[in-house]
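# Descriptive structure summary
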Amino acid sequence: MSWLSQPKIYDHRVHETDIASDEKLAMILDRYPAELLDINAYSYDAEGQVSLATGERGRADGATLLAAIKAGQVWVNLRDAHEAYPELWAHIQPNFDAIAADLGVKPIKVTGQLIMSSPQTKVPYHFDAAGVVLFHLRGVKKLWVYPTDEAHQPQTSVEKVIMRVQAEELPYRMAFDEDAEVVELQPGQALTWPLYAPHRVENQGVFNVSLSLDFQTWETRLMRGAHYANGVLRRYGMTPAAMEKTPAAARAALWAASLAMKKANLAPNLIKDYERSFELAEQAKKAA
């Protein structure tokens, strides 16, 4: 695949089903495994810098959780939706297959997360270490997609995110917005963007539901492993070459090295256990 140089929108009709109705969402929230439920609340200072609090579902039923999301300021990820919500995935998969064919992608791994988010929620400047197609189902959200150059996305930050010693959020300055492609995403649209492109999201005053599909190809897997290996080498005082100047054979060698580095635990995961500081339904009650 020749990776995209700018965001691209596709149409779908998944939103015309009842798959993202309140009834279905409450049902899936009611039965979704708690360990696959990420509840994030972001707050921002005057310069747009972010702080994160994470929550837990508690004992509330699905309908109560859905009401709390609609009334709150949270971003809720239901991970592994490709396995945990097969009814939804049955609608998404054929649409992705058509998009993948158009892009020339041959995925070796595809995963998904169902996202429910509050009307005023914003997601900070970050990147995903995979190809992404965002299928939008309900509400309206605006996305800013930024260049992948060193100024907007330092290679050292990319390495730390992939090594999982830093969360996905990247250093952000409001001036970056002048360089962004801005997309307002409507139900029935699916958006993809350049590999690793930094982006941020703002909901437009209404409850939003999307399915974020992540896909890996051999190209992305080798690049991810190369970044991991470079990050470890940098920790030991070396200065790796810029990724765009690293040929495919060298990336493959670095990927192979990354497997041994992970086995040796040379870069322990520092973000696997966020402390959960609030219960979603209780937080909504206090805000009411």
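Look above for the structure.
Counting of residues starts from 1 at the beginning of each chain's written sequence and follows it residue by residue. Local features in this predicted model are restricted to residues of pLDDT 70 or higher, and side-chain atom pairs are both shown and tallied only at a pLDDT of 80 or more, whereas totals for entire chains, interfaces and linings draw on every residue. Side-chain measures here rest on the full set of heavy atoms in the structure, leaving out hydrogens and waters.

### Concerning the overall build of the protein chain
Counted only if it meets this: Put simply, DSSP marks the helices as runs of H or I at least four residues long and the strands as runs of E at least two long, and each gets a number from the N terminus on. In this description the radius of gyration comes from C-alpha coordinates, and the expected globular size is given by 2.2 Å times residues to the power 0.38. Only protein chains enter the calculation, and the probe is 1.4 Å; a residue is then buried if its accessible area is under 20% of its type maximum, exposed if over 50%, and partly exposed in between. Residue contacts follow a heavy-atom distance rule, with two residues in contact if any of their heavy atoms lie within 4.5 Å. Charge convention: Lys and Arg are scored as positive, Asp and Glu as negative, and His as well as the terminal groups of each chain are ignored. By convention, the charge on Lys lies at NZ, on Arg at CZ, on Asp at CG and on Glu at CD.
Secondary structure assignment for the protein chain yields 8 helices and 13 strands. In terms of C-alpha radius of gyration, the protein chain reaches 19 Å, essentially the compact-globule figure of 19 Å for 288 residues. Each principal axis of the C-alpha atoms in the protein chain carries an extent, and together these give about 55 × 40 × 40 Å. Looking at the 288 residues of the protein chain, the share that counts as buried comes to 50%. Taking all contacts inside the protein chain whose residues are at least 6 apart in sequence as the whole, residues at least 24 apart take part in 89%. Computed over 30 positive and 36 negative side-chain charges, the separation of the two mean positions in the protein chain equals 5 Å.

### Describing the pattern of salt bridges
Selection criterion: Put simply, a salt bridge is a Lys or Arg side-chain nitrogen that is within 4 Å of an Asp or Glu carboxyl oxygen.
If you walk through the whole model with that rule in mind, you get 10 salt bridges. Residue lysine 24 pairs with aspartate 18 through a salt bridge whose shortest N-O separation is 3.2 Å. In this structure, the salt-bridge partner of arginine 234 is glutamate 159, at a minimum N-O distance of 2.7 Å. With a gap of 75 residues between them, arginine 234 in helix H6 (residues 218-235) and glutamate 159 in helix H5 (residues 155-163) connect regions that are remote in the sequence. Residue class for arginine 234 comes out partly exposed when judged on its relative accessible area of 28%.

### Quick notes on helix H4 (residues 86-103)
Rules: A helix's residues, less one, multiplied by 1.5 Å, set its expected span. A residue's bend is the angle separating two fitted axes: one through the seven residues that end there, the other through the seven that start there.
Here H4 spans 25 Å end to end across 18 residues, near enough to the 26 Å set by a 1.5 Å rise per residue. Of all the bends in H4, the greatest, near 30°, is centred on isoleucine 92, and the proline proline 94 appears no more than four residues after it. Of all the positions in H4, only Leu88, Trp89, Ile92, Phe96, Ile99, Ala100 and Leu103 are classed as buried. Residues of H4 that are buried make contact with strand E1 (8-11), helix H3 (81-84), strand E5 (109-117), strand E7 (131-138), strand E10 (189-192) and strand E12 (208-216). Glycine 104 lies just past H4 and shows a positive phi near 80°.

### A few points about the sheet that holds strand E11 (residues 199-203)
What counts here: By definition, two strands form a pair when at least two bridges between them are found by DSSP. Helix axes use the C-alpha atoms of the stretch in contact, all axes being lines fitted to C-alpha atoms, and the angles between their N-to-C directions lie in the range 0 to 180 degrees.
The antiparallel open sheet is built from 4 strands, whose spatial order is E6-E11-E8-E9. Two strands in the sheet have a free side with no partner beyond their single neighbour: strand E6 (122-126) and strand E9 (181-185). Each strand axis lies, on average, 15° off the axis of its neighbour in the sheet, ignoring direction. With 3 bridges joining them, E6 and E11 adopt antiparallel strand pairing. Across the sheet, the residue bridging to valine 123 is valine 201, located in E11.

### Remarks on the packing of H6 against helix H7 (residues 248-263)
Condition: Crossing handedness follows the turn of the near helix against the far one: under a right angle anticlockwise gives a left-handed crossing, and clockwise gives a right-handed one. Charged means Asp, Glu, Lys or Arg here, nonpolar means Ala, Val, Leu, Ile, Met, Phe, Trp, Tyr, Cys or Pro, and polar covers whatever is left, Gly included.
Two elements in contact, H6 and H7, have axes whose closest approach is 7 Å; the angle formed by their N-to-C orientations is 60°. The crossing of H6 and H7 is left-handed. Across from Trp218, Arg221, Leu222, Met223, Gly225, Ala226, Tyr228, Ala229, Asn230, Val232 and Leu233 in H6, the residues of H7 making contact are Arg251, Ala252, Leu254, Trp255, Ser258, Met261 and Lys262. Split into classes, the residues belonging to the contact of H6 with H7 amount to 12 nonpolar, 3 polar and 3 charged.

The quantities given are spatial measurements derived from coordinates; they are silent on function.
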